[in-house]
Each structure stands twice: as structure tokens, then as C-alpha cells.
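A structural walkthrough
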Amino acid sequence: MPIPLLQQARIGAYVVRQHLAGRRRYPLVLMLEPLFRCNLACAGCGKIDYPDEILNQRLTAGECLAAVDECGAPVVSIAGGEPLLHKEIGAIVAGIVERRKFVYLCTNALLMQKRMGLFRPSPYFVWSVHLVGDREMHDRSVCEDGVHERAAAAIRAAKERGFRVNINCTLFNDAEPDRVAKFFDGVGALGVDGITVSPGYAYERAPDQAHFLTRTRTKQLFRDIFRRGRGARAWSFSQSGLFLDFLAGNRDYRCTPWGNPTRNVFGWQRPCYLLGEGYARTFRELMEETDWDAYGTGNYEKCADCMVHSGYEATAVQDAVRHPLKALAVSLRGVRTDGAMAQEIPLDRQRPARYVFSRHVEQKLAEIRITEARSKESTAA
Ligand code: SF4
């Protein structure tokens, strides 16, 4: 079972409590990025294009756990950068598990076997291994040969030691439905417990700008993939059926960016995991002072093609809580892969993109230099 009953029950109870309390906006998954440094440089990644001074920054274990407490989400996804490069990653995960939150440790798996001894199997801990296809597809996507083989070996080793292991699979416009379906067929043989799938976000700083999906192509691609797997029922997705149904063009969802709030070395990122348009000092400031209506497909140019799980999974979960029979119907019948698609969101009133990356980088560099100068002064004194 991709999501164990304990986890389903705890998250379901949390969501129902938020609804009963009348909360309009609440977090579901904290996206924790304790560092941006990575040991790969994937073509579609827009997360690591920073100067060394920023790549050398780390959130401490204390800062990470304070963010977990401040946010209160029942699930924490540790991303980055490559989290296994962080010296305190064992303490960060142990602290989150101690709080009885479900933690997904995202990794490219290059250091997984070496660092596995830092972690213990637990119902609250899941390895989330980046794996996007067969050997050729994966190694091409991460721009390095041999990574698929090492990831597969690490997954086998983790399963032998009793860990839960998921794969996270990001697709671009060169994905071939037949190959992706065969890849999903094959991951069971590796012992993988669940699959998380998403179209890639069109990061403005990613080196490869040629392979991002438009919404129209995304929907057709997922229909073509799910059709080969009995409407997605052939595979163990660790995502809600309604989100998969959205990917196949059957739902006209709006995103829920506050569902996956993001904390990284800049602060609490506005508005979402994918876009760094500004930073709040506290979680409360993020939730209360972000102009949420300024974002989302149809509102902002940078959101035009987004169908990413970190933006829309929370929408699907809330829809499932409000309409459980609709969710049940999709899980029983599978995702519909033919017929008319839901109406697309018009883009004629979206505001134009703002390019703020350089300003944030300059501000952060100034902060780092001031902190370093003060620390040198106090050491000298
Ligand atoms: S559509 Fe929503 S989730 Fe996607 S980039 Fe825009 S604000 Fe973020």
C-alpha cells in the first residue's frame, strides 16, 4: 500500500480538524530545503543556480525543527539541493520523527547507501528517491551516466533494511508514454512502495528551457500514460486519485500554494515551492501577508503552465474531503483517459512576469557578508 493506513488516518483527521475549525488556508506538507547545494546538476533543475556563498548556507537542525513546529503540517518533505550533503540530516529527520510527523527525505540516491546508517526504519520515515525512468531516460535527465544504477542499488539496499521507499518522477515533454508505462510496471520489481509523479515546473533558471510541458501537452501525456495502466490503477501512486484525474485533464482545479509552504535559507518562500517571488520572516507572516490572489494559473504569467503536485495535490485532498464519493469513484473506475477535457483557465488577464531573482540574491549576499564581518569582529574581540 503506497500510503499506510496510519498515515491516511492521521492526515485525514488533520484535514477534517482544519475544516471543522473553519480554517480557509492551512498547510498540508512543509517543503523544507535545508540547503541548495547538490552533487548533481540536472538539466531541468531551477533550484541550484546560486553563487557559492548561498550554496554554502545551511539551515541548522534547530532552525529546521523550529520551522516544523511553527508550520504544524502533518507531513514534511525534505528537499533541496541534496539533503544528504547536510551534516545534521540524521538529527533533522530524527527530530521530525520524534514529533510524529511523516517525513519524506528526497534524494538523488548518490549518497544514500553511505548515509543509510544515520536513519532507522519507521512508519514516519520514507525515502523519496528521484528516479524518472529507465537507465537511459534517467541518466539523460540528470546529465550523468551511472546514476540510475546507483539509485536502483540504493533502493534495493534500503528495502533489505526494512525502509519504506518511494520514487519521485518528474516528466518533461520528451517523455514517451510507452516507456514511462513500462518503467512504472518495472519499479515494483525494485520493491518500491509508492510512486509520486508530476510534470516539471518551467523554472526560469533551469539550464534546459526546451523540454518544459505546456498544460495541454501535460494532460495528453498523462492520458496516454494512464491509459496503458488501467486508468493508473495498475500502479501504486502515493498521490490522491483526484490529483491524477486533474493531470489527465478531468478537473479544473486552482492551485493551493499555501498547502505546501516552503522554508529555505532565504526564509519562508512566497508564494510556493516553485516560485521565489519574496520571503517572509515567519510562517504566520507568509500565511497572513501574502497576496495569494496575485498567483495561480490565469493570475500570473509564471503560473501559466503549472500543474505541479506541490501546487495542486492539496487542492485534490481538500476536494476529496468535501466530496468523498467523487474520490471513491475515481479510485474504483480509474482515471478517465478519453472524452472531453475540463475547460482550461483563460490566460488573457494574467499579470506579466516579474524577474526578482537577482535582487533576492544580492540581498542575501549582503546579509551573509554582514553576518560574516560581525562574526570576525567578535572573534577578534
Ligand atoms: S500555479 Fe500555484 S503552485 Fe504553480 S507556480 Fe503558480 S502559485 Fe505556485
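Described below are features of the structure shown in this document. (Residues numbered from 1 in each chain as written. Predicted model: local features only at pLDDT ≥ 70, side-chain atom pairs only at ≥ 80, totals over all residues. Heavy atoms only, no water.)

1. A closer look at the packing of aromatic side chains
Taken as a whole and assessed by the stated rule, the structure comprises 26 aromatic pairs. A centroid spacing of 5.5 Å and a plane angle of 90° characterise the contact between F184 and F237, whose relative ring orientation is edge-to-face. Here F184, found in helix 8 (residues 177-187), pairs with F237, found in the loop between helix 9 (215-227) and helix 10 (241-247); they are 53 residues apart in sequence, far enough to count as distant. Note on F266 and Y279: the rings are 4.9 Å apart at their centroids and 20° apart in plane angle, and the pair reads as stacked. (Phe/Tyr/Trp six-rings, centres within 6.5 Å; stacked < 30°, edge-to-face > 60°. Helix = DSSP H or I, 4+ residues; strand = E, 2+ residues; numbered from the N terminus.)

2. Some points on the site of the ligand
Around the ligand sit Y201, C255, C272, L274, L275, Y295, G296, T297, C303, C306, G311 and Y312, and that is every residue in its neighbourhood. When each cavity is represented as a set of grid points, the ligand is found to reside in the second largest cavity. Residues of the shell around the ligand, tallied by class, amount to nine nonpolar, three polar and no charged. (Near = heavy atom within 4 Å. 1 Å grid on protein atoms, 1.4 Å probe; cavity = no way out; pocket = protein on both sides within 12 Å on 5 of 7 lines; lining within 4 Å. Sits in = over half its atoms within 2 Å of the grid points. Nonpolar A, V, L, I, M, F, W, Y, C, P; charged D, E, K, R; others polar.)

3. Quick look at a nonpolar patch on the surface
A cluster of nonpolar side chains, V16, L20 and V321, forms an exposed patch at the surface whose accessible area comes to about 270 Å². With respect to the element layout, V321 can be found in helix 12 (residues 309-322). Owing to a relative accessible area of 32%, V321 belongs among the partly exposed residues under this scheme. (Patch = residues over 30% accessible without salt bridge, like charges linked within 9 Å, V, L, I, M, F, W, Y side chains within 5 Å. Areas by Shrake-Rupley, 256 points an atom, 1.4 Å probe, with all protein chains shown as cover. Salt bridge = Lys/Arg side-chain N within 4 Å of Asp/Glu carboxyl O. Buried < 20%, exposed > 50% of the residue type's maximum accessible area, 1.4 Å probe, protein only.)

4. Details of the layout of surface pockets
In this structure, the second largest pocket spans a volume of roughly 500 Å³. What lines the second largest pocket is a set of 26 residues, among which R254, C255, T256, W258 and D293 lie closest to the centre. The greatest single-element share of the lining of the second largest pocket, amounting to five residues, is contributed by helix 12. Looking at the lining of the second largest pocket residue by residue, the classes come out as nine nonpolar, eight polar and nine charged. (Points joined across faces, edges and corners; volume = space filled by probe spheres on them.)

5. Section: empty space enclosed by the protein
Scanning the model with the defined rule gives three cavities of 30 Å³ or more in all. For the largest cavity, the calculated volume is near 280 Å³. Taken together, 23 residues form the lining of the largest cavity, with G46, Y50, L274, G276 and F357 sitting closest to its centre. When contributions to the lining of the largest cavity are tallied by element, the ones reaching two or more residues are strand 9 (276-280) and helix 14 (357-380). Residue composition of the lining of the largest cavity, by class: twelve nonpolar, five polar and six charged. A volume near 100 Å³ is recorded for the second largest cavity. Forming the walls of the second largest cavity are 15 residues, and the residues nearest its centre are C255, C272, L274, C303 and C306.

6. What to know about the pattern of salt bridges
Close approach of charged atoms lets side chains of opposite charge pair. Tallied over the entire structure, the rule returns 22 salt bridges. For R215, the salt bridge is made with E344, and the minimal N-O distance between the two is 3.0 Å. Of this pair, R215 sits in helix 9 while E344 sits in the loop between helix 13 (324-333) and helix 14, and the two are 129 residues apart along the sequence. Exposure remark for R215: the relative accessible area of 5% places this residue in the buried category. Here K219 and E344 are joined by a salt bridge, their closest N and O atoms 2.5 Å apart. Taken together, the positions of K219 in helix 9 and E344 in the loop between helix 13 and helix 14 put the pair 125 residues apart, joining distant regions of the chain. Given the relative accessible area of 32%, E344 is considered partly exposed. Salt bridges sharing partners connect three or more residues here, namely D134, E136, R140, D174, E176 and R179.

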